[in-house]
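# Architecture at a glance
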Amino acid sequence: MPVIEINNLSYVYNSGTSNGKKALDNITLSVEKGEFLGIVGGNGSGKSTLIQHFNGLLYPQSGSISVLGIDPRDRQKGKELWRSVGLVFQFPEQQIFEATVFEEVAYGLNNMELDRAEIAVRVDEALTSVGLIPEQVRDLSPLCLSGGMRRRIAVASILAMKPEILILDEPTAGLDPEGCAHILTTVKRYQQEQKVTVIMVSHCINELIILADRLTLLDQGRLKAWGPTREVLERDDLPYGDLLLPDYMKLLRNLKIRGLQVNTGLLTVEEAACEIERLLKA
């Protein structure tokens with residue numbers, strides 16, 4: 001059952017001026033309840049513009065969008081979408097402003113007008129879910145923590161609100177490999193345990209290959225591919241050529257181009273290694 005339905009969505013920045021730039025061009029797709037959708041594309045492909053339509057930060061200039069059965073343009077209902085659609089912006093640690101970790105994670109909960117006891121429980125649960133020990137960090141200033149820890153706190157502040165749809169815009173940007181792995185593990189575990197819908201934007205397909213149930217590929221505001229991850233990656237007409245793909249996938253595709261009967265819809269290094277071993281034995 002779709003939680004987001006988009007039909008012929010277009011959006012132009014500086015519409016009606018000589019500086020107008022079409023960011024989205026006739027996008028049609030849907031997002032299913034409980035799925036992990038990856039949105040991939042290069043700089044300027046429209047990824048961030050698209051997700052800002054999901055919680056009413058931007059409105060369609062043409063076409064339509066429904067989120068949890070609500071048209072974000074509906075002034076009465078649309079303004080409440082923030083309660084159900086959590087959006088973690090790129091470099092969210094730069095937007096932290098509260099004096100303590102507890103106050104930062106509790107900020108959205110206070111706006112939801114929950115009682116203090118419920119807020120305390122949710123803050124501790126959210127901090128634990130991102131791998132932090134509440135008793136050790138609650139009263140610290142976020143500014144004294146590392147960038148990776150501040151990123152986790154920013155994610156925790158959204159998880160604490162228990163959104164039905166969690167959206168992350170380049171959540172691993174600028175992190176070291178350990179920080180990346182922790183964020184990705186946290187998000188996937190949250191999706192599986194809470195049965196929520198997760199939408200993750202990235203310019204790097206490697207981190208979405210295993211996580212995403214389906215992939216959406218954007219190029220210059222246009223939808224170039226959308227579907228189950230394996231099916232999308234098997235396509236011969238991927239935008240950006242092979243630039244998006246990890247080396248082992250490039251190898252399989254090059255072998256196919258050379259005339260070998262190769263399965264190019266393999267997602268992991270282990271699967272690719274087994275396929276190459278099969279070819280060597282053939």
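These remarks concern the structure in this document. (Residues numbered from 1 in each chain as written. Predicted model: local features only at pLDDT ≥ 70, side-chain atom pairs only at ≥ 80, totals over all residues. Heavy atoms only, no water.)

### Focus on the overall build of the protein
Note the threshold: Put simply, DSSP marks the helices as runs of H or I at least four residues long and the strands as runs of E at least two long, and each gets a number from the N terminus on. Note on method: radius of gyration uses C-alpha positions; expected globular size equals 2.2 Å times residues raised to 0.38. Think of it in three bands: with a 1.4 Å probe and only protein chains considered, a residue is buried below 20% of the maximum accessible area for its type, exposed above 50%, and partly exposed in between. In what follows, residue pairs with any heavy atoms lying within 4.5 Å of each other are defined as contacts. Surface exposure here means Shrake-Rupley accessible area, sampled with a 1.4 Å probe, where a residue is shielded only by the protein chains that are shown. The positive count covers Lys and Arg only, the negative count covers Asp and Glu only, and His and the chain ends enter neither. The atom standing in for a charge is NZ when the residue is Lys, CZ when it is Arg, CG when it is Asp and CD when it is Glu.
Across its full length, the protein carries 11 helices and nine strands. A compact globule built from 282 residues should have a C-alpha radius of gyration of about 19 Å, and the protein, at 20 Å, falls within 12% of that. Once the C-alpha set of the protein is aligned to its principal axes, its extents read approximately 65 × 50 × 35 Å. When the 282 residues of the protein are sorted by exposure, 49% land in the buried category. For the protein, restricting intrachain contacts to residue pairs at least 6 apart in sequence, the fraction spanning at least 24 positions comes to 61%. Total accessible area on the protein stands at roughly 13,900 Å², and carbon and sulfur atoms take up 50% of it. Separation of charge centres in the protein, based on 30 positive and 37 negative side chains, amounts to 5 Å.

### Here we look at the pairing of strand β6 (residues 165–169)
Selection rule: Two strands pair if DSSP finds at least two bridges between them.
Of all the five residues making up β6, five are buried; the element is thus mostly covered by neighbouring parts of the structure. Along β6, one buried face is formed by Ile 165, Ile 167 and Asp 169 and the opposite face, lined by Leu 166 and Leu 168, is buried too. In terms of strand pairing, strand β5 (residues 85–88) meets β6 through four bridges, oriented parallel. If you follow Val 85 over to β6, its bridge partner there is Ile 165.

### Digging into the pattern of salt bridges
Our working definition: A pair is scored as a salt bridge if a Lys or Arg side-chain nitrogen falls within 4 Å of a carboxyl oxygen belonging to Asp or Glu.
One pass over the full model with this rule turns up 14 salt bridges. Of the charged contacts in the structure, one is a salt bridge between Asp 71 and Arg 73, with a shortest N-O distance of 3.3 Å. Exposure remark for Arg 73: the relative accessible area of 35% places this residue in the partly exposed category. Beyond isolated ion pairs, a larger network of salt bridges with shared partners links Lys 22, Asp 25 and Arg 222.

### Observations concerning the pairing of strand β7 (residues 197–202)
How we decide: Convention used here: a crossover is right-handed provided that the path from the first strand, over the helix, to the second strand proceeds clockwise when the strands point away from the viewer.
Within β7, six of the six residues are buried, which leaves the element mostly enclosed by the surrounding structure. With burial as the criterion, each face of β7 is covered, one bearing Thr 197, Ile 199 and Val 201 and the other bearing Val 198, Met 200 and Ser 202. Summarising the sheet, strand β3 (residues 36–40) and β7 pair through five bridges and their orientation is parallel. Across the sheet, residue Phe 36 finds its bridge partner in β7, namely Val 198. Of the crossover connections in this fold, the one passing from β6 over helix α7 (residues 177–194) to the parallel β7 is right-handed.

### A look at unusual backbone geometry
At Asn 8, a residue that is not glycine, the phi angle is positive and equals roughly 50 degrees. Along the chain, Asn 8 falls in strand β1 (residues 2–13). The residue Leu 68 is not glycine, and still its phi comes out positive at about 55 degrees.

### Re the packing of helix α10 (residues 247–257) against helix α11 (residues 269–281)
For clarity, the cut-off: In this description, a line fitted to the C-alpha atoms serves as the axis of each element, helices being fitted only across the stretch in contact, and the angle between N-to-C directions of two axes falls anywhere from 0 to 180 degrees. An angle below 35 degrees is treated as roughly parallel, one above 145 as roughly antiparallel, one from 65 to 115 as roughly perpendicular, and anything else as oblique. By definition, turning the near helix anticlockwise from the far helix through less than a right angle yields a left-handed crossing, and turning it clockwise yields a right-handed one.
Across the interface, α10 lies against α11 with an axial gap of 10 Å and an inter-helix angle of 30 degrees. Accordingly, the angle class assigned to the pair α10 and α11 is roughly parallel. The handedness of the crossing between α10 and α11 comes out as left-handed. From α10, Tyr 248, Leu 251, Leu 252 and Leu 255 reach across to α11, where they touch Val 269, Ala 272, Glu 275, Ile 276 and Leu 279.

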